[in-house]
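# Secondary and tertiary structure notes
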Amino acid sequence: MQGETQLWLIRHAPVDGPRGVIHAPDAPADLGDAAAFAALRARLPAGAFAVCSPARRTRETAARLGLDAIEDEAFREQDFGDWTGRRHSELEAELGAAYRGFWNAPGSNRPPGGESFADQITRARAGLARLRSGDAVLVVHSGTIRAILAIALDLAPETALRFVIDPLSLTRIDRLEHAWRVVAVNGR
């Protein structure tokens, strides 16, 4: 790594859709909370490099924040494969013990046709390695922020999944020359 990178990690705005669903990348964001957007915008550094996942909700959130974000696949949400677009309650009713078994080790288990959270951590690590030094605003997903926390704190995937990351929250992490510094998690 060359120099320090100050990461300004923003979870996208809430999904404008039903709750309890594993949302697809094309799910839109609810951009109606003008006060929350204004408060968040005021906390961001001027002139920062901006990145978002390719998901519609992150692109819309970044645009609402006035960011000209570059899309990067490395920072997309965990791929839930065949479960994408489905309700958790439907999956549990249909799959029973197999669905519940997934949640016994959600950090390493893969949904059918999808990836594990550990896979997401590997992907996020590759994306972080490409970021240049300086201020970088990433408008991403809760899973992506948890993955970056796992990297910064050297956490096992199962442990990193314990973090709560709210919509439109700000997590601040600094990538130093030879270490990491967590400044704030899930801030408002």
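What you see is a predicted model; the values in this text were computed from it and never measured.

Let us now look at helix α1 (residues 34-43). Taken residue by residue, α1 has Ala 36, Phe 37 and Leu 40 as its buried positions. Around the axis of α1, the buried residues are gathered within 95° of arc, so they sit on the same side. For α1, exposure combined with an orientation more than 90 degrees from the buried face picks out Ala 35 and Ala 42. On its buried side, α1 packs onto β1 (5-11), α2 (56-64) and β5 (170-175).

This part is about the side chain of Gln 120. By the secondary structure assignment, Gln 120 is in helix α5 (residues 117-130). In this structure Gln 120 comes out as buried when scored by relative accessible area, which is 1%. For Gln 120, the contacting residues outside a window of four places in its chain are Arg 76, Glu 77, Gln 78, Glu 115, Gly 143, Thr 144 and Ala 147.

Let us look at the pattern of salt bridges. In this structure the tally under the stated criterion is twelve salt bridges. The partner of Arg 100 in a salt bridge is Glu 92, and the shortest N-O contact between them spans 3.6 Å. Between Arg 172 and Asp 174 there is a salt bridge, with its nearest N and O atoms 2.8 Å apart. Summarising the burial analysis for this pair, Arg 172 and Asp 174 share the class buried. Because the salt bridges share partners, they merge into one network encompassing Glu 4, Arg 172, Asp 174 and Arg 181.

What follows concerns the side chain of Asp 174. Along the chain, Asp 174 falls in strand β5. When sequence neighbours within four positions are dropped, the list of residues in contact with Asp 174 reads Thr 5, Gln 6, Leu 7, Ala 179, Trp 180, Arg 181 and Val 183.

So, on to the layout of surface pockets. If you add up the space inside the largest pocket, you get close to 1100 Å³. Lining the largest pocket are 38 residues; nearest its centre among them are Arg 11, Val 21, His 23, Glu 77 and Ser 142. Elements with a minimum of two residues in the lining of the largest pocket: α5 and α6 (142-153). With three residues, α6 is the single largest residue contributor to the lining of the largest pocket.

It is worth spelling out the nonpolar core at this point. Counting residues in each nonpolar core, the largest one holds 24 residues, and the members touching the most others are Leu 7, Phe 75, Leu 131, Leu 138 and Ile 148. Among residues more than four places away in sequence, those in contact with Leu 138 are Leu 7, Trp 8, Leu 9, Ile 10, Val 51, Phe 75, Leu 131 and Ile 148. With 15 residues, the next largest nonpolar core counts Ile 10, Phe 37, Leu 40 and Val 137 among its residues.

Parameters and conventions
- Residues numbered from 1 in each chain as written.
- Predicted model: local features only at pLDDT ≥ 70, side-chain atom pairs only at ≥ 80, totals over all residues.
- Heavy atoms only, no water.
- Buried < 20%, exposed > 50% of the residue type's maximum accessible area, 1.4 Å probe, protein only.
- Helix = DSSP H or I, 4+ residues; strand = E, 2+ residues; numbered from the N terminus.
- Arc of directions from axis to C-beta.
- Contact = heavy atoms within 4.5 Å.
- Salt bridge = Lys/Arg side-chain N within 4 Å of Asp/Glu carboxyl O.
- 1 Å grid on protein atoms, 1.4 Å probe; cavity = no way out; pocket = protein on both sides within 12 Å on 5 of 7 lines; lining within 4 Å.
- Points joined across faces, edges and corners; volume = space filled by probe spheres on them.
- Core = buried A, V, L, I, M, F, W, Y, C linked by side-chain atoms within 4.5 Å.

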